[in-house]
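Listed below are the residues making up each chain.
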Amino acid sequence: MQSDFLTFSTFDEIEAFWIEATGVSPTLTQLSAGPLNFKARSDEFTGVTLTWVKSEGRQLWRDTVQDGRLHFGYMIESEGLVRSAGFEINPADALVWIPGKEVDYLLEGPLFSLEFTVSEELVAALGWEPTGAPLRKVSEAHLNRLTHVAQMASAWLDTAVDLDKETFETRLNVWRDLLLDALAKVLQPWFQNSDLELSALPASKQYDIIRSAEVLFSNGEIDDSPDVSVIAADLGISRRKLYYAFQNTLGIGPRRFIELKRLHQLRRDLRSAHRDETSVTELAYKNGFTQLGRLSGLYKQHFGEGPRETLVSPA
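Owing to the predicted nature of the structure, the values given are computational and were not obtained by experimental measurement.

Caption draft 1: Molecular detail of the overall build of the protein. Per the secondary structure count, the protein includes 12 helices and 12 strands. Relative to its length of 315 residues, the protein is compact, with a C-alpha radius of gyration of 21 Å against a globular reference of 20 Å. Residues classed as buried in the protein amount to 49% of the 315 residues present. Relative to all contacts within the protein whose residues are 6 or more apart in sequence, the contacts with residues 24 or more apart total 77%. Counting every atom, the protein has about 15300 Å² of accessible surface; 49% of that belongs to carbon and sulfur. Side-chain charges of the protein comprise 32 positive and 45 negative groups, with the mean position of each set lying 6 Å from the other.

Okay, structure coming up:
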């Protein structure tokens, strides 16, 4: 693939790109400080979109499907662990984003992945109705074949700029059919009852604890200065069990995780606000930050710019 990847520096850019290209609405919690450095390349083959993704750092993603498109993805290379619903993802595992089911994945380091999006029209024409858990084991041989076909298709697209329109569209459709044929073989576990399913088992207990704590946070049931003992009591577990659930799964404690969630919400508010109608102080207090000096340092360390710079920058 010769063409450059697009580089995204903010989550807003990623979200806009992802919803348009794939129909998936993402939510990101950046667990490691520093620039996001998220890169993606999207190739369109008449109803089939390939999205090649390169990401760095520790990130927690939660995605939901916005429409009837079929979305499928897997990792090609990873320098750190990748988990979904508390389970470690291996090279022969893959994900299908099923409407009504949230898909999450935790990245522990640099990752190179590939995602396929098939249009609603093609999904209906092919009669594809994937069911079951999003995460499943697949045939490694079929997955390798799919990657090979996708690499060839994207490489061809790089060289097709000088073709006349009719020839280009004809060959584009040939590549689309080759991609669909290879994809259909990989998707078989979602089209039939299979003993290769991973997520039919309950999510790990530690993962369940984290999700329950997140619900408390989302519902506003966690104070601005969260007491870990109170959160643990609300969940009916010990403080030690709560701490180790976060530490073992995310590599950070519950207080730090909640602080990061608030930082990300503050950043979204700052980017969407008009600088003449609000202030950093107002939005900081709204999101539970009362020590503005400490906030400024935390924010700049994590996002590479101060909160005021985010507020005055173009949306």
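Caption draft 2: Main features of the nonpolar core. If you look at the biggest cluster of nonpolar residues, it comprises 37 residues, and the most contacted ones within it are F45, L50, F72, F116, W128 and L179. Contributing elements (two or more residues each) for this core: β4 (48–55), β6 (70–78), β9 (93–97), β11 (111–118), α2 (120–126), α3 (140–159) and α4 (165–186). Ranked by residues supplied to this core, first place goes to α4 with eight residues. In terms of nonpolar packing, the next biggest core, distinct from the first, is built from 29 residues, I231, I252, F257 and A284 among them.

Caption draft 3: Focus on the sheet that holds strand β10 (residues 103–107). The strand order across the open sheet built from five strands is β2-β5-β10-β7-β8, with neighbouring strands paired in antiparallel fashion. Bordering the open sheet on either side are β2 (24–30) and β8 (87–88), each of which pairs with just one other strand. Each of β2 and β5 (59–65) is contacted by helix α1 (residues 11–22), which is oriented at about 155 degrees to β2, the strand it contacts most.

Caption draft 4: Structural detail: the pairing of β5. Most of β5 sits out of view: six of its seven residues are buried. Bridging between β2 and β5 involves seven bridges; their strand directions are antiparallel. Across the sheet, residue V24 finds its bridge partner in β5, namely V65. Judged from the five bridges that link them, β5 and β10 form a sheet pairing that is antiparallel. The partner of Q59 across the bridge, within β10, is L107.

Caption draft 5: How the structure looks around the side chain of R69. Counting through the fold element by element, R69 comes out in the loop between β5 and β6. At 3.4 Å, the side chain of R69 forms a polar contact with the backbone oxygen of E20. A distance of 2.8 Å separates a polar atom in the side chain of R69 from a polar atom in the side chain of D67.

Caption draft 6: Representation of the confidence of the model for the protein in the model. Averaged over all residues, the pLDDT of the protein is 86; the fraction at 70 or higher stands at 93%. Counting interchain partners and residues more than four positions distant, the pLDDT-below-50 stretch residues 194–201 has 15 contacts.

Caption draft 7: Spatial organisation of the packing of aromatic side chains. All told, the structure shown has 17 aromatic pairs when counted by the stated rule. Taking 6.0 Å as the distance between ring centres and 75 degrees as the angle between the ring planes, the aromatic pair formed by W18 and F38 counts as edge-to-face. Linking W18 in helix α1 with F38 in strand β3 (residues 38–44), this pair joins segments that are 20 residues apart in sequence. Of the two residues examined, W18 and F38, each falls in the buried class. A ring pair is formed by F72 and W190, whose centres lie 6.0 Å apart and whose planes are at 85 degrees; its orientation type is edge-to-face. Placement of the pair is F72 in strand β6 and W190 in helix α5 (residues 188–191), with a sequence separation of 118 residues. Under the relative-accessibility criterion, F72 is labelled buried at 0%. Taken together, the ring pairs in this structure connect F8, F11, F17, W18, F38, W61, W97 and Y105 into an aromatic cluster.

Caption draft 8: Local environment of the environment of S272. Along the polypeptide, S272 turns up in helix α9 (residues 254–272). Residue class for S272 comes out exposed when judged on its relative accessible area of 61%. Spatially, the C-alpha atom of S272 lies 9.6 Å from that of T310, the residues being 38 residues apart in sequence. A distance of 3.2 Å separates a polar atom in the side chain of S272 from the backbone oxygen of D269.

Cut-offs used in this document
Starting afresh in each chain, residues are numbered from 1 along the sequence in its written order. Local features in this predicted model are restricted to residues whose pLDDT is 70 or higher, and side-chain atom pairs enter the listing and the counts only when it is 80 or higher, whereas totals over whole chains, interfaces and linings include all residues. The side-chain numbers reported here are obtained from all heavy atoms of the structure, hydrogens and water having been left aside. Note on conventions: DSSP H or I runs of at least 4 residues are helices, E runs of at least 2 residues are strands, and numbering of each starts at the N terminus. Computation of the radius of gyration draws on C-alpha atoms, with the globule rule given as 2.2 Å multiplied by the number of residues to the power 0.38. With a 1.4 Å probe rolled over the protein chains alone, any residue whose accessible area is under 20% of its type maximum counts as buried; one over 50% counts as exposed, and the rest are partly exposed. Contact between two residues is taken to exist if any of their heavy atoms lie within 4.5 Å; hydrogens are not considered. Here the open area of atoms and residues is found with the Shrake-Rupley method and a 1.4 Å probe, where only the protein chains shown may cover a residue. None of His or the chain ends enter the tally, which takes Lys and Arg as positive and Asp and Glu as negative. Charged groups are reduced to one reference atom each: NZ for lysine, CZ for arginine, CG for aspartic acid, CD for glutamic acid. The term nonpolar core refers to a set of buried residues drawn from Ala, Val, Leu, Ile, Met, Phe, Trp, Tyr and Cys, joined through side-chain atoms within 4.5 Å. Any two strands with at least two DSSP bridges between them are considered paired. Axis lines are fitted to C-alpha atoms, over the contacting stretch for helices. Their N-to-C directions set the angle, which ranges from 0 to 180 degrees. Counting of polar contacts relies on pairs of N or O atoms within 3.5 Å, with two restrictions inside protein: one atom must be capable of donating a hydrogen and the other of accepting it, and residues adjacent in sequence are counted only when both atoms are side-chain atoms. Each residue gets a pLDDT score, which is the predictor's confidence in that residue and runs from 0 to 100. Only Phe, Tyr and Trp rings take part, Trp by its six-membered ring, and two of them pair if their centres are within 6.5 Å. Stacked means planes under 30 degrees apart, edge-to-face means over 60, and tilted covers everything else.

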